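Residue strings, one per chain:
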Amino acid sequence: MSRPAFGPLLFFAIAFALSLYFTFAAVQGDFGLFRRAEILGEASDLRIQLTKVRADVARMENLTHRLSDDYLDLDLLDEQARRVLGMVRADEIVIR
């Protein structure tokens, strides 16, 4: 009696299926190539956002320093008081 030759065929079918699975996972999976591209894009966007936030922090630190007890910028104080209180001097003309 002869044995059927399913052994090598089954081995190659399983090996092919596993290689397809691992190739798909390497490209589409949680740690695949597409996810890496997304992460790199997000990192680039976050670096741009960080630059903007740092610029805002530097601007706020400058304004805070200019209104501190050690150094008082009277023009900035006048501007802030006018903005908050909505007041103008008697000799000024307001154009809207």
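Report on the accompanying structure. (Residues numbered from 1 in each chain as written. Predicted model: local features only at pLDDT ≥ 70, side-chain atom pairs only at ≥ 80, totals over all residues. Heavy atoms only, no water.)

## Some thoughts on the pattern of salt bridges
Two side chains bearing opposite charge may form a pair once their charged atoms approach each other closely. Counted according to the given criterion, the structure contains 5 salt bridges. Between Arg-35 and Glu-38 there is a salt bridge, with the nearest N and O atoms lying 3.0 Å from each other. Note that Arg-35 and Glu-38 are positioned in helix H2 (residues 33-66) at a spacing of 3 residues, about one turn of the helix. Taken together, the shared-partner salt bridges connect Arg-35, Glu-38 and Glu-42 into one network. (Salt bridge = Lys/Arg side-chain N within 4 Å of Asp/Glu carboxyl O. Helix = DSSP H or I, 4+ residues; strand = E, 2+ residues; numbered from the N terminus.)

## Overview of the packing of aromatic side chains
In this structure the tally under the stated criterion is 2 aromatic pairs. Summarising the aromatic geometry, the rings of Phe-11 and Phe-12 are spaced 5.5 Å apart at their centres and angled 65 degrees between planes, so their arrangement reads as edge-to-face. The exposure classification of Phe-11 matches that of Phe-12, with both residues exposed. Judged by centre distance (5.3 Å) and plane angle (65 degrees), the ring pair of Tyr-21 and Phe-22 falls under edge-to-face. As far as burial versus exposure is concerned, Tyr-21 and Phe-22 are alike and both exposed. (Phe/Tyr/Trp six-rings, centres within 6.5 Å; stacked < 30°, edge-to-face > 60°. Buried < 20%, exposed > 50% of the residue type's maximum accessible area, 1.4 Å probe, protein only.)

Function cannot be read off these values alone, since they describe shape.
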